2 protein chains.
Amino acid sequence: MTSLYRKIAAELRDQISRGALRPGDKLPTEPQLVDSYSVSRNTVRLAVALLVNEGLIVIVPGRNGGMVVRDRVTLTYHASRVEQVDGLVAETDAYMTEVQQQGREPTQTFHLTIEALPAELAERLDVADASSAVVRCCLRFVNGEPTSTQDTYYPKWLADEVPELMSPSDIPQGTTRLLAEKGYPQPAYRDELLTRMPTPDEVRRLELPAGTPIMEYHRTGYLPDGRPIRVTRIVFRGDANRVVYTLGDPTVFMNRESAE
Amino acid sequence: MTSLYRKIAAELRDQISRGALRPGDKLPTEPQLVDSYSVSRNTVRLAVALLVNEGLIVIVPGRNGGMVVRDRVTLTYHASRVEQVDGLVAETDAYMTEVQQQGREPTQTFHLTIEALPAELAERLDVADASSAVVRCCLRFVNGEPTSTQDTYYPKWLADEVPELMSPSDIPQGTTRLLAEKGYPQPAYRDELLTRMPTPDEVRRLELPAGTPIMEYHRTGYLPDGRPIRVTRIVFRGDANRVVYTLGDPTVFMNRESAE
DNA sequence: GACTATTTGTACGTATGTATC
DNA sequence: GGATACATACGTACAAATAGT
């Protein structure tokens, strides 16, 4: 015996998944739903709230507003391609290039701060004291819409040795390459991926509609002796990004491309 | 000019993030909140609904129920360790072993079906027609709680060549190893990771509380000539799993371990 | 098992505010 | 300003779930 509002939500959900309502289409208005189901407005709103929190629709108020079926545009982040130190690819450049290849217009803002290391990240950087760290932040837009934030933390000792890290502007050749040239190569990484609902702060910065989870991505870079020298955290809009790794024998993928 | 229920939610959220309310603690009951904020019950419920959808609390009805601050237990899935074909690790075994090393009790149910390939996956398997495929499904539990589902799809032509794939029971040595022995090695993979809110079906199967996103993981395995021979899809509970890759020179991590 | 107390869930109604065209 | 659509907030009543007597 499911409740009324759940049944209504189920019907609307069905129409969306069947394709009777396609992305961009509008659901009936609240009064129309009240009418056609003969329920109170509150009940309609309960049903609609479910769909919102499932990420199926967004609601825009106002005269020509309404409840609109969401679309899912996916941008691909090739984690195993960025930052080939021995190759010639710089981090941010790689990202920008990749987005362009996917036919979109990437932009980014950038700034640098010095702040205490968040506890979760301190562990990854092997700094016992909650010592300060240099952070290079950027907020990335695709077609003018914010889609991810990226923060990279370097331990203070490293910033002392490589003062260029403190440059308040973007580093054209890429920090990974810069560090390699200064004698701090990163021959190995550890990536972690997790998902969760966004904090209110993330909702604001990424302009997230309700019902949009985020994907949090950490990359820790290590020196040859195993010491970690930086942690990068990217927060992706979940409805607009996916992360891809290609692993194993690279010639296989060359065979694959030539076959196409 | 934020609304009343958002202010209330913000205060409660603060108490959680500050640690005044710790995981397992109960929020005040609805009547208590109605009282202390002097608002209607509906307003309290709106505030609470926000926290639920942010994944911060779960609500249990009944006499000794209440609104409880959620905890986040994280299980690690080492994507770059499973399925070392040349090594000695079988897929499911690897998973089970890993969970055990993390001090928990893994179990799994298993079944096999033959069904049409979902459209998104058909593309990855390079099968133009929506031809049937063999699916090996399993639902995985940790400490008795469902934490992920795994479905692996094989194209029909492969199942014809390797009839063992149709075995309705678990394959002890692991299908990857089995296939390699039969002349179908997988020297390369492509992994895709994305996040979204769960479908009602996933909510049921994984017993997900509201506000829990899921992480969807695809691994496509390729033959040396580039032909794909299987797609595995894992759906992880987002609040209980993270995926880890170690990339690059493996000796670096050996240095790291010896240093500890 | 019956009964009760507590806590959340569902559903109704009404009124007014805010956003957008 | 006026019209339309959703947002917030109040109130009420009864149902369902759970735990203890």
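Definitions and limits used
- Residues numbered from 1 in each chain as written.
- Chains lettered and ligands numbered in written order.
- Predicted model: local features only at pLDDT ≥ 70, side-chain atom pairs only at ≥ 80, totals over all residues.
- Heavy atoms only, no water.
- Axes fitted to C-alpha atoms, helices over the stretch in contact; angles between N-to-C directions.
- Helix = DSSP H or I, 4+ residues; strand = E, 2+ residues; numbered from the N terminus.
- Parallel < 35°, antiparallel > 145°, perpendicular 65-115°, else oblique.
- Left-handed = near helix turned anticlockwise from the far one by under 90°.
- Contact = heavy atoms within 4.5 Å.
- Nonpolar A, V, L, I, M, F, W, Y, C, P; charged D, E, K, R; others polar.
- Least-squares fit on C-alpha atoms with pLDDT ≥ 70 in both.
- Pairing = 2+ DSSP bridges.
- Near = heavy atom within 4 Å.
- Polar contact = N/O pair within 3.5 Å; in protein donor to acceptor, adjacent residues only side chain to side chain.
- Salt bridge = Lys/Arg side-chain N within 4 Å of Asp/Glu carboxyl O.
- Buried < 20%, exposed > 50% of the residue type's maximum accessible area, 1.4 Å probe, protein only.
- Core = buried A, V, L, I, M, F, W, Y, C linked by side-chain atoms within 4.5 Å.
- UniProt positions renumbered as here; feature names shortened; annotations may be inferred.

What about the packing of helix 1 (residues 4–18) of chain B against helix 3 (residues 41–53) of chain B?
Residue and element names in this part refer to chain B. In contact at an axis separation of 8 Å, helix 1 and helix 3 are set at 50° when each is read in the N-to-C sense. Classed by the angle they form, the pair helix 1 and helix 3 counts as oblique. By crossing handedness, the relation of helix 1 to helix 3 is classed as right-handed. When helix 1 is examined against helix 3, the residues Leu4, Tyr5, Arg6, Ile8, Ala9, Leu12 and Arg13 are found in contact with a partner set consisting of Thr43, Leu46, Ala47, Leu50 and Leu51. Of the residues in the contact of helix 1 with helix 3, the class split is nine nonpolar, one polar and two charged.

Let's talk about the relation of the copies chain B and chain A
Relating one copy of the chain to the other requires a rotation about an axis plus a shift along that axis. It takes a turn of 180° to lay chain B on chain A, together with a shift of 0.0 Å along the axis; the resulting RMSD is 0.0 Å. Expressed as a symmetry operation, the mapping of one chain copy onto the other fits a two-fold axis. When the interface residues of chain B are mapped onto chain A, 100% of them again fall at the interface, so both copies present the same face.

Observations concerning the pairing of strand 2 (residues 66–69) of chain A
Residues and elements named next belong to chain A. Judged from the four bridges that link them, strand 1 (residues 57–60) and strand 2 form a sheet pairing that is antiparallel. Its bridge partner being in strand 2, valine 60 is matched across the sheet by glycine 66. Remark: five residues form the turn of the hairpin made by strand 1 and strand 2, two consecutive strands paired antiparallel; glycine 62 in that turn has positive phi of roughly 105°.

Digging into the protein's contact with DNA strand C
Taken together, the neighbourhood of DNA strand C is formed by 25 residues, with Leu4, Tyr5, Asn42 and Thr43 of chain A together with Arg41 of chain B sitting nearest. A share of 65% of the atoms of DNA strand C within 4 Å of the protein falls on sugar and phosphate groups. Here threonine 43 of chain A contributes a side-chain N or O atom positioned 2.3 Å from a phosphate oxygen of DNA strand C. Side-chain polar atom of arginine 63 of chain B to a base nitrogen of DNA strand C: 3.4 Å apart, as the coordinates give it. Among the elements of the structure, helix 1 (4–18) and helix 3 (41–53) of chain A together with helix 2 (30–37), helix 3, strand 1 (57–60) and strand 2 (66–69) of chain B are those that each provide at least two residues to the surface near DNA strand C.

Describing the pattern of salt bridges
All names here are of chain B. Taken as a whole and assessed by the stated rule, the structure comprises 35 salt bridges over all chains. Here aspartate 239 ties to arginine 70 by a salt bridge, and the two come within 2.5 Å at their closest N and O atoms. Of this pair, aspartate 239 sits in the loop between strand 9 (228–237) and strand 10 (241–248) while arginine 70 sits in the loop between strand 2 and strand 3 (75–78); the two residues are 169 residues apart in sequence, bridging distant segments of the chain. Residue class for arginine 70 comes out buried when judged on its relative accessible area of 12%.

Some thoughts on the nonpolar core
If you look at the biggest cluster of nonpolar residues, it comprises 30 residues, and the most contacted ones within it are Leu193, Val243 and Tyr245 of chain A together with Leu193, Val243 and Tyr245 of chain B. Excluding residues within four positions of it along the chain, tyrosine 245 of chain A makes contact with Ala79, Ser80, Asp191, Leu193 and Tyr217 of chain A together with Tyr189, Arg190, Asp191, Leu193, Tyr245 and Leu247 of chain B.

Considerations on the UniProt feature "domain: HTH gntR-type" (unreviewed entry) in chain A
Per the UniProt record, "domain: HTH gntR-type" (unreviewed entry) is annotated on residues 2–72 of chain A. Helix makes up 51% of residues 2–72 of chain A and strand makes up 11%, while its end C-alpha atoms are separated by 29 Å.

Looking at the protein's contact with DNA strand D
In the neighbourhood of DNA strand D, 24 residues make up the surrounding shell, with Leu4, Tyr5, Asn42, Thr43 and Arg63 of chain B lying closest. Sugar plus phosphate, as a fraction of atoms of DNA strand D within 4 Å of the protein: 69%. At 2.9 Å, a backbone N or O of glutamate 30 of chain A approaches a phosphate oxygen of DNA strand D. Breaking the surface near DNA strand D down by element, the ones donating at least two residues are helix 2 (30–37), helix 3 and strand 2 of chain A together with helix 1 and helix 3 of chain B.

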